[in-house]
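Examination of the molecular architecture
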Amino acid sequence: MSVARASIIMIATLVASRVLGWLRLSVIGATFGDSPQLDAFWAAFRIPNAIFDLLVAGALAAAFIPVFTGYLAREREDEGWHVASSVLNAVVLLLVAFSAVMWALAPVLVPIVVAPGFASNPAQLALTVDLTRLMLLSPIFMGLSSLTTGILNSYRQFLSGATAPLVYNAVIILFALFASPFLGIHALAYGVITGALFMWLVQLPELTFRRTRFSFSLDLGHPGVREVLRLAGPRTLALGAVQIVFLVDTNLASRMPQGSLTALTYAFQLMLLPLGVFSIAISAAVFPTLSHYASLGQLSRMRDTVQQAIRWILFLTLPTAILMIVLRRPIVNLLFQYGHFGADAREATQSAFLFYSLGLAGHALIQILARAYYASRDTTTPLALTLISIGMNVVLDVILGPLMGIDGLALANSIATLAEAALLFALLASRARLRLVGIGFSTLKHVSASLLMGVAMFAFIRATNVTVDLEQTKLGLLFQTFLATAVGGGVYVVAAYLLRIGELGEILEVVRARLGRVPRAPTAA
């Protein structure tokens, strides 16, 4: 139940964050459309994002939280903070050094590795280099923010860390709306930098409330620091391999018609919206608990927590994937087709979105399955499986990209992701002694309810399409989409009730528990 409550807190804040994330993309699309300048911005984002993923995301997810949580579980908080301070200082120094090196190499890396397709447009290529150099400040602030979130999550404090992305998106929106008339596409780069800075600053009050014991130590020889480095190594290699996929996608999309990179980016980001709300929220809430149980050797509790998280993720993501597939065209139209984001951009985005949606369940499961390994301080197995998935993805990119355009790149990602999730689950099942019959039966019920939901939504859309024109009215389209979602959601809830899907009862129990704590207003005498 504590995991459920933490997950609900994370989901609530992440829903707001994803709404702002959609608004950010919508404002950017309406302002810049599928222009060469926006393609340049998305290409320029690759190197700064790769630096952050390599140096921070790996250390946070695979190493820092399990080690720091272990010190807290054994009531060695002061020593834990000594380790945390050393890791934080080392990461900041590495981020500064890597950003400086990439600043110097950007004119070489961008035309050769990132966006060779821009070579035919020297102005676009020069803009990509300029934006890349500018945004190299953002990984430094993002690193501070993420490690602060990791510390707070280890204390099972999730609110400010989940609120930080709200600030990030809000700042970028403000820059896009009010600075772009003066700065052009550079306004987005300044927004990314400022948003990353405020992501960190907004968490400092709660960190201070935790009686921060930060110091400027750099004790790289401490056993805890060495353990973080040991655990982070394989995960860092895995994330480095993942960046290869993003670079290959960007490389191939830059050779395709104008706007292809923007459409691919929008489709991928749209797929991430529900992923962030459900699976990342649940995984982030579960991870400290898994690490705590692992530190104390309570393997049966770890197994139960993993199984609960898997069931919750499938309960939420399978119907979401069906909804995205059935309603992909009106979703893209309603969310993004404003201003300079025209019909061609809409059609390209919704088509790629279809193929990305096929892999949503795979992306979601990887979030929790990988964390089950990390909690047990095994980062080698996820690395090996990630490398297999990356190799498959790149091969499929090269095969499907020329045949299907950006749709092929999206399909390649989905196939490789589902394969990775299947391999992670297969190996974890025997190691953790998961109850396969129970998980299989539960998954079958989730799939059945989701398919019934999809059929209901598809039938409703077909029956009402004669009254809606994508090119003429958004109000009618919004009303149709809302009703289709309501019909599908109602069918899913009824099917879940009839099939006795346990997650529905758990959610209702948590809601009743929360409502029961609300003090009642005094009645009149």
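The present account deals with the structure reproduced in this document. (Residues numbered from 1 in each chain as written. Predicted model: local features only at pLDDT ≥ 70, side-chain atom pairs only at ≥ 80, totals over all residues. Heavy atoms only, no water.)

With that out of the way, let us pick up the overall build of the protein. In terms of regular secondary structure, the protein is built from 21 helices and zero strands. The C-alpha atoms of the protein give a radius of gyration of 23 Å, which matches the 24 Å a tight globule of 525 residues would have. In terms of overall dimensions, the protein has C-alpha extents of about 60 × 60 × 60 Å along its principal axes. Here the protein holds 525 residues, and 56% of them are scored as buried. Sequence separation of 24 or more characterises 85% of the internal contacts of the protein that already satisfy a separation of 6 or more. For the protein, the computed accessible surface area is about 21,900 Å², with 69% contributed by carbon and sulfur atoms. The averaged location of the 24 negative side-chain charges in the protein is 9 Å from the averaged location of its 34 positive side-chain charges. (Helix = DSSP H or I, 4+ residues; strand = E, 2+ residues; numbered from the N terminus. Rg over C-alpha atoms; globule rule 2.2 N^0.38 Å. Buried < 20%, exposed > 50% of the residue type's maximum accessible area, 1.4 Å probe, protein only. Contact = heavy atoms within 4.5 Å. Areas by Shrake-Rupley, 256 points an atom, 1.4 Å probe, with all protein chains shown as cover. Lys, Arg positive; Asp, Glu negative; His and termini not counted. Charge placed at Lys NZ, Arg CZ, Asp CG, Glu CD.)

This part covers the packing of aromatic side chains. One pass over the structure, following the stated rule, counts 12 aromatic pairs. Taking the centre distance of 5.2 Å and the plane angle of 75° together, the rings of phenylalanine 214 and phenylalanine 216 count as edge-to-face. Residue classification places phenylalanine 214 among the partly exposed positions, given a relative accessible area of 36%. Through pairs of rings, three or more aromatic residues link up here, namely Phe41, Trp42, Phe45, Tyr266, Phe336 and Phe341. Note that arginine 133 overlies the ring of tryptophan 103, its terminal NZ or CZ placed 3.9 Å from the centroid. (Phe/Tyr/Trp six-rings, centres within 6.5 Å; stacked < 30°, edge-to-face > 60°. Lys NZ or Arg CZ within 6 Å of the ring centre and 35° of its normal.)

Another aspect to go through is the packing of helix α2 (residues 36–44) against helix α5 (residues 122–135). The contact between α2 and α5 brings their axes to 8 Å, and the two run at 40°. Here α2 is positioned oblique relative to α5, judged by the angle of their axes. The crossing of α2 and α5 is right-handed. Touching Pro36, Gln37, Asp39, Ala40, Phe41, Ala43 and Ala44 of α2 are Gln124, Leu127, Thr128, Leu131, Thr132 and Met135, all from α5. Taken together, the residues that form the contact of α2 with α5 break down as eight nonpolar, four polar and one charged. (Axes fitted to C-alpha atoms, helices over the stretch in contact; angles between N-to-C directions. Parallel < 35°, antiparallel > 145°, perpendicular 65-115°, else oblique. Left-handed = near helix turned anticlockwise from the far one by under 90°. Nonpolar A, V, L, I, M, F, W, Y, C, P; charged D, E, K, R; others polar.)

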